[in-house]
Amino acid sequence: MSTSPSPPKHIAIIMDGNGRWAEQRGLPRTAGHKSGADAVERAVDACIEVGVEYITLYAFSSENWNRPKTEISALMGLLGLFLKKKFKQMQNRNIRLRTIGRTDELPSTVRKELLAAIENTRENTGITMTLALSYGGREEMVDAMQKIAKQVEAGSLAAADISNETIQANLYAPDIPDPDLLIRTSGEIRLSNFLLWQLSYTEMILVDKYWPEFKEEDIHKAVEVFQQRHRRFGAVQ
Ligand code: FPP
């Protein structure tokens, strides 16, 4: 039986419930997102403390483009501000920033901030914080299939040679290991098009609070629960 005494190497989080948190308090939904950005900082700090090497945050999904324009622009503004305001902190904490998703669809101002932060944190050797932006698991598969199809068309790859490794190699961040642990807040129990390929054998923990209420101790608790789990990866152990 294989338990996991070491902390998860990679935690992925579906940060859900910003809107409901705000509505419950009679605040605009954007206030929930603002408060959610503070929770991001707490979660990353706790992950660093525990020794997690990768954290991937679902910050804006492909489907989020269907929200009202005002909410989208508030979220984009918040992201730009977060990158600008937290850049020094990222450097101090030795955080490397990366993104996954169709980031070319983001407003150019946000793209610029992102590219600068990614470039300037490239050499950092601490935790890798990956923001999933304009991200969808199905869209990632479509993009990977198109890249693979081009290689087949060009004659550099035989269709019969397409394997798990070929697909992995054509994902947005092929070198990042699969998440060991997925946390979703707000009590909802679904994947919402997040990391569909990578989550095949990921342990899931549902936290019954809204994302703005998420505290450092929630990471500590989730890691403890994770360490009690028996991961068999489909085998008999
Ligand atoms: C889900 O809550 C959350 C989002 C769609 C956006 C996540 C964004 C943040 C946490 C803030 C900015 C992020 C960074 C990295 C600075 P929801 O709006 O779907 O909540 P609801 O389900 O209650 O409506």
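Here the structure is shown first, and the text comes after it.
Conventions and cut-offs
Residues numbered from 1 in each chain as written. Predicted model: local features only at pLDDT ≥ 70, side-chain atom pairs only at ≥ 80, totals over all residues. Heavy atoms only, no water. Phe/Tyr/Trp six-rings, centres within 6.5 Å; stacked < 30°, edge-to-face > 60°. Helix = DSSP H or I, 4+ residues; strand = E, 2+ residues; numbered from the N terminus. Buried < 20%, exposed > 50% of the residue type's maximum accessible area, 1.4 Å probe, protein only. Pairing = 2+ DSSP bridges. Right-handed = clockwise from strand over helix to strand, strands pointing away. Near = heavy atom within 4 Å. Polar contact = N/O pair within 3.5 Å; in protein donor to acceptor, adjacent residues only side chain to side chain. Areas by Shrake-Rupley, 256 points an atom, 1.4 Å probe, with all protein chains shown as cover. 1 Å grid on protein atoms, 1.4 Å probe; cavity = no way out; pocket = protein on both sides within 12 Å on 5 of 7 lines; lining within 4 Å. Sits in = over half its atoms within 2 Å of the grid points. Nonpolar A, V, L, I, M, F, W, Y, C, P; charged D, E, K, R; others polar.

Visitor: I would appreciate a short explanation of the packing of aromatic side chains in the present structure.
Guide: Within a pair of aromatic rings, the relevant descriptors are the distance that separates the centres and the angle that separates the planes. The full count for this structure, using the stated rule, is seven aromatic pairs. Centroid distance Tyr135 to Phe194: 6.1 Å. Interplanar angle 90 degrees. Geometry classified as edge-to-face. Here the residue Tyr135 occupies a position in strand S4 (residues 128-135), and Phe194 occupies one in the loop between strand S5 (181-185) and strand S6 (203-207), the gap between them amounting to 59 residues. Taking relative accessible area as the criterion, Phe194 reaches 0% and is therefore assigned buried. A ring pair is formed by Tyr201 and Phe233, whose centres lie 5.9 Å apart and whose planes are at 50 degrees; its orientation type is tilted. Remark: Phe233 occurs in the segment after helix H7 (216-228) and Tyr201 occurs in the loop between S5 and S6; sequence separation between them is 32 residues. Under the relative-accessibility criterion, Phe233 is labelled partly exposed at 49%.

Visitor: Hey, could you run me through unusual backbone geometry in this one?
Guide: In terms of backbone geometry, most residues other than glycine have negative phi values and most peptide bonds are trans. Despite not being glycine, Ser134 shows a phi value in the positive range, around 50 degrees. Looking at where Ser134 falls in the secondary structure, it is placed in strand S4. Although it is not a glycine, Ser186 sits at a positive phi angle of roughly 85 degrees. Mapped onto the fold, Ser186 is located in the loop between S5 and S6. For Ser186, a relative accessible area of 9% gives the class buried.

Visitor: Just to check I follow, could you spell out the pairing of strand S3 (residues 96-100) for this structure?
Guide: Two faces, one strand: in a regular strand the side chains alternate between the faces of the sheet. Taking burial as the measure, the five residues of S3 include four buried ones, the bulk of the element. Looking at chain direction, S3 and S4 are connected through five bridges and run parallel. Within S4, the position partnered with Leu97 by the bridge is Met129. In this view, the connection linking S3 to its parallel neighbour S4 by way of helix H4 (residues 108-121) has left-handed handedness.

Visitor: What should I look at first to understand the site of the ligand in this one?
Guide: Close to the ligand lie 17 residues; Met15, Gly19, Arg20, Arg29 and Arg67 are nearest. Take Gly19: an N or O atom from its main chain is 3.0 Å from an oxygen atom of the ligand. In the complex, 92% of the free accessible area of the ligand, which totals 620 Å², lies under the protein chains. Because more than half of its atoms lie within 2 Å of the grid, the ligand is assigned to the largest pocket. Mapped by element, the contributors of at least two residues to the shell around the ligand are helix H1 (18-24), helix H2 (29-50) and helix H3 (69-92). Here the element with the most residues in the shell around the ligand is H2; it accounts for four residues. Along the lines of polarity and charge, the residues of the shell around the ligand split into seven nonpolar, six polar and four charged.

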